[in-house]
Amino acid sequence: MSVPSGPERPQVVAHVQQALPFTLFDCKWVPRSARLLCLGSAARGTGLIHLYELRGGRLALLSEIEKTKPIKCGTFGATSLQQRYLATGDFGGNLNIWNLEAPEIPVYSVKGHKEIINSIDGVGGLGIGEGAPEIVTGSRDGTVKVWDPRQKDTPVANMEPVQGESKRDCWTVAFGNAYNQEERVVCAGYDNGDIKLFDLKTMSLRWETNIKNGVCSVEFDRKDVNMNKLVATSLEGKFHVFDMRTQHPTKGFASVSEKAQKSTIWQVRHLPQNRDIFMTSGGAGSLHLWKYEYPAQRSKKDSEGAEMGVAGSVSLLQNVTLSTQPISSLDWSPDKKGLCVCGAFDQTVRVLIVTKLNKV
């Protein structure tokens, strides 16, 4: 796929790169700071959290925190800006919340799942969305659970296969629709291509579809608005953008799909300052920057008179290859537009600057 050229196109510039002495699974910006976290697994099978500060053209290691189990994923989304506590999911199925200033003992800990926690998301903190400061976890054990850290030990919601249904590995989870105190949804993607949308207000399955290939990453364009768009990425290099504004009684949500590359699309992340721009990270060590264009009309009536959505289109703004190994984690700075961090299987973390985002 060719990228349009021209001086006004965004450029993706690798600003700093740092080799790490461990396997990197996730990286996160610390909100309201020039700091970032790298989460992963040491060679001896323990978990590591490295805290770095961006100082000019280098990353300075501020602290190294070691835990008993490898750490797969993390989020800051469920705590206040004053606290900035980190919630993590590990290979032992544990959900822990850490105060990075005093990380010896977690401020909250629960054995959440029987197997590895693959994915975690938070909402209700950091000014993201209304309602409780909840955390959602998705696991290889086939369950998706929602936790309120103010309630000890038991999840507030547990979405598991119904009796007789086979257990599928849940690879990705995301919150959405948290625009008031009552409304909230969780989207989950599974290894067999299933995407399920759980409505936490009614505690029911609101919608499901299958994209015929393992779902690596799902994300709403914003968590704190009426559901607008959802992007899902897959094992075979395709992503799907669902328009979540109009749900047809039988056809569900309108969508557009794009074959971005030949290899797995590991993650999708929307630009916090412009929800119509998003980045996908790929198995070939590449990043693709996309823009979603809305159709002239977002809904129409079908022959029966029922409202149905109309999908828009996506255009490629830029792509860049940074690594020979898959880029498996990606996070935009919530504070500085165009600042981004990504982690790859080559055990390298890279800080990127994406330019000219205000021109697209």
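Residues numbered from 1 in each chain as written. Predicted model: local features only at pLDDT ≥ 70, side-chain atom pairs only at ≥ 80, totals over all residues. Heavy atoms only, no water.

The chain has the name Dynein axonemal assembly factor 10 in an unreviewed UniProt entry, where Piaya cayana is given as its organism. Quoted verbatim from the Function (unreviewed entry) field of the UniProt record, the comment on the chain reads "Key assembly factor specifically required for the stability of axonemal dynein heavy chains in cytoplasm." The Subcellular location (unreviewed entry) field of the UniProt record for the chain holds the comment "Dynein axonemal particle". (UniProt positions renumbered as here; feature names shortened; annotations may be inferred.)

Caption draft 1: The overall build of the chain, seen in detail. Secondary structure summary: the chain contains 0 helices and 30 strands in total. Its C-alpha atoms give the chain a radius of gyration of 19 Å, near enough to 21 Å, the size a compact globule of 360 residues would have. Projected onto its principal axes, the C-alpha coordinates of the chain cover approximately 60 × 55 × 35 Å. Put simply, the chain has 360 residues, and 58% of those count as buried. Of the contacts made within the chain by residues no fewer than 6 positions apart, 50% connect residues no fewer than 24 positions apart. Carbon and sulfur atoms form 46% of the exposed surface of the chain, whose accessible area is close to 14,900 Å². The averaged location of the 38 negative side-chain charges in the chain is 4 Å from the averaged location of its 43 positive side-chain charges. (Helix = DSSP H or I, 4+ residues; strand = E, 2+ residues; numbered from the N terminus. Rg over C-alpha atoms; globule rule 2.2 N^0.38 Å. Buried < 20%, exposed > 50% of the residue type's maximum accessible area, 1.4 Å probe, protein only. Contact = heavy atoms within 4.5 Å. Areas by Shrake-Rupley, 256 points an atom, 1.4 Å probe, with all protein chains shown as cover. Lys, Arg positive; Asp, Glu negative; His and termini not counted. Charge placed at Lys NZ, Arg CZ, Asp CG, Glu CD.)

Caption draft 2: Up close: the sheet that holds strand β5 (residues 58-67). Strand order in the open sheet formed by 4 strands is β2-β3-β4-β5, with antiparallel pairing between adjacent strands. The open sheet is flanked by β2 (23-29) and β5, the only strands paired with a single partner. In this sheet, neighbouring strand axes are inclined to one another by 25 degrees on average, regardless of whether the strands run parallel or antiparallel. Here β2 pairs with strand β3 (residues 35-41) via 6 bridges, running antiparallel. When the bridges of β3 are listed, Asp 26 appears paired with Leu 39. (Pairing = 2+ DSSP bridges. Axes fitted to C-alpha atoms, helices over the stretch in contact; angles between N-to-C directions.)

Caption draft 3: Representation of the nonpolar core. Residues Met 279, Leu 287, Leu 289 and Trp 332 are the most contacted members of the largest nonpolar core, which totals 18 residues. Secondary structure elements with two or more residues in this core: β23 (274-282), β24 (286-293), β27 (313-321), β28 (327-332), β29 (339-344) and β30 (348-354). Core analysis: the next-biggest nonpolar cluster, separate from the first, contains 17 residues, Val 16, Leu 36, Cys 38 and Ala 42 among them. (Core = buried A, V, L, I, M, F, W, Y, C linked by side-chain atoms within 4.5 Å.)

Caption draft 4: Geometry of the UniProt feature "repeat: WD" (unreviewed entry) in the chain. As annotated by UniProt and renumbered to match this structure, "repeat: WD" (unreviewed entry) occupies residues 135-148. The annotated region residues 135-148 carries 0% helix and 64% strand content, and the separation between its end C-alpha atoms amounts to 7 Å.

Caption draft 5: Looking closely at the pattern of salt bridges. Taken as a whole and judged by the stated rule, the model has 22 salt bridges. A salt bridge links Glu 219 to Arg 269; its shortest N-O distance comes to 3.8 Å. Taken as a pair, Glu 219 in strand β18 (residues 215-220) and Arg 269 in strand β22 (residues 265-271) lie far apart in primary sequence, 50 residues in all. One network of salt bridges, in which partners are shared, links Arg 35, Glu 53 and Arg 55. (Salt bridge = Lys/Arg side-chain N within 4 Å of Asp/Glu carboxyl O.)

Caption draft 6: How the structure looks around the layout of surface pockets. Within this model, the second largest pocket holds a volume of roughly 280 Å³. Lining the second largest pocket are 16 residues, with Glu 160, Pro 161, Val 162, Glu 165 and Lys 196 sitting closest to its centre. Looking at the lining of the second largest pocket, the elements that each hand over two or more residues are β13 (157-159), β16 (194-199) and β17 (204-210). For the lining of the second largest pocket, the element with the most residues is β16, which contributes 3 residues. (1 Å grid on protein atoms, 1.4 Å probe; cavity = no way out; pocket = protein on both sides within 12 Å on 5 of 7 lines; lining within 4 Å. Points joined across faces, edges and corners; volume = space filled by probe spheres on them.)

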